[in-house]
Amino acid sequence: MERNLPNILVTGTPGTGKTTTSEMIANVTGLEQINVGDLVKSKQLHEGYLAEFDTHILDEDKLLDEMEDMVKEGGKVVDFHTCEIFPERWFDLVLVLRADTQPLYDRMEKRGYNQRKLQENIECEIMQVVLETARESYAPEIVIELQSNTIDDMESNVDRVKQWLDAWKTQHGK
Ligand code: ADP
Ligand code: MN
């Protein structure tokens, strides 16, 4: 079914700037942000907490049920570090934010991540796990890798999305 507005997935290793960038995209375009991590917590869409990994165990079925109607409407910017759990048809554009080791480390340290989580995430980013998973999960031509090291990067990324959205609207007669 054709949507009136496209859905965009903003994904990447924790700390790459998904939430900040998604907020800016939402502000500039009028699309609506869905912060999946917040949704999972507020609606209890998890099966408990793994203290050792400082993470919640997702209840994927519940999460997808919860999101289905919102996404069906279109016009959503979905912000989550995991990209392979969603149906491919949900998204028209998948942005994978990338950051260099130093800024990523600094951001996570500021957030008070423990050493283990910090190292896991740095490794995940260096190995480009999210980028490769996104390319395996979605049509490669809709997956865009974006550098997110500086505020300038973020502004140019948001600008690029705005242009992409305008082109989408023209193309779809909206
Ligand atoms: P994520 O949602 O991917 O975990 P956030 O958007 O919460 O990341 O960003 C983590 C921190 O890094 C925030 O303090 C944010 O202001 C900062 N940040 C994010 N992206 C950038 C960027 N491109 N340049 C500079 N600082 C950034
Ligand atoms: Mn976030």
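Residues numbered from 1 in each chain as written. Chains lettered and ligands numbered in written order. Predicted model: local features only at pLDDT ≥ 70, side-chain atom pairs only at ≥ 80, totals over all residues. Heavy atoms only, no water.

Asks: Let's hear about the overall build of the protein: which residues, and what values?
Replies: Looking only at helices and strands, one finds seven helices and seven strands in the protein. Ordered by position in the sequence, the α and β elements of the protein form the string β-α-β-α-β-β-α-β-β-α-α-α-β-α. Whereas a compact globule of 174 residues would reach a radius of gyration of roughly 16 Å, the protein reaches 16 Å, a difference of no more than 12%. Along the first, second and third principal axes, the C-alpha set of the protein runs to 50 × 35 × 30 Å. (Helix = DSSP H or I, 4+ residues; strand = E, 2+ residues; numbered from the N terminus. Rg over C-alpha atoms; globule rule 2.2 N^0.38 Å.)

Asks: Describe the pattern of salt bridges, with residues and values.
Replies: On inspection of all chains with the given rule, the structure shows eleven salt bridges. When the shortest N-O distance is used, the salt bridge between Glu66 and Lys43 registers 3.3 Å. You can see Glu66 sitting in helix H3 (residues 60-73) and its partner Lys43 sitting in the loop between helix H2 (36-42) and strand E3 (46-50), a full 23 residues away along the chain. Under the relative-accessibility criterion, Lys43 is labelled partly exposed at 45%. The partner of Glu145 in a salt bridge is Arg135, and the shortest N-O contact between them spans 3.9 Å. One end of the pair, Glu145, is in strand E7 (residues 143-147); the other, Arg135, is in helix H6 (residues 129-137), and ten residues separate them in sequence. With relative accessibility at 31%, the residue Glu145 sits in the partly exposed group. One salt-bridge network, held together by shared partners, links Arg98, Glu125, Arg135 and Glu145. (Salt bridge = Lys/Arg side-chain N within 4 Å of Asp/Glu carboxyl O. Buried < 20%, exposed > 50% of the residue type's maximum accessible area, 1.4 Å probe, protein only.)

Asks: Tell me about the pairing of strand E4 (residues 55-58), and please be specific about residues and values.
Replies: Judged from the three bridges that link them, E3 and E4 form a sheet pairing that is antiparallel. Across the sheet, residue Leu50 finds its bridge partner in E4, namely Thr55. From the end of E3 to the start of E4, which pair antiparallel, there are four residues, and Asp54 there has a positive phi angle of about 50 degrees. (Pairing = 2+ DSSP bridges.)

Asks: How would you summarise the side chain of Thr29 if you had to cite specific residues and measurements?
Replies: Topologically, Thr29 is positioned in helix H1 (residues 18-29). Judged by relative accessible area, Thr29 falls into the buried class, the value being 17%. Engagement of the side chain of Thr29 in a polar contact is seen with the backbone oxygen of Ile25, the distance being 2.6 Å. A polar side-chain atom of Thr29 sits 3.1 Å from the main-chain amide nitrogen of Leu31. Here Thr29 is in contact with Lys162 and Leu165, once residues within four sequence places are set aside. (Polar contact = N/O pair within 3.5 Å; in protein donor to acceptor, adjacent residues only side chain to side chain. Contact = heavy atoms within 4.5 Å.)

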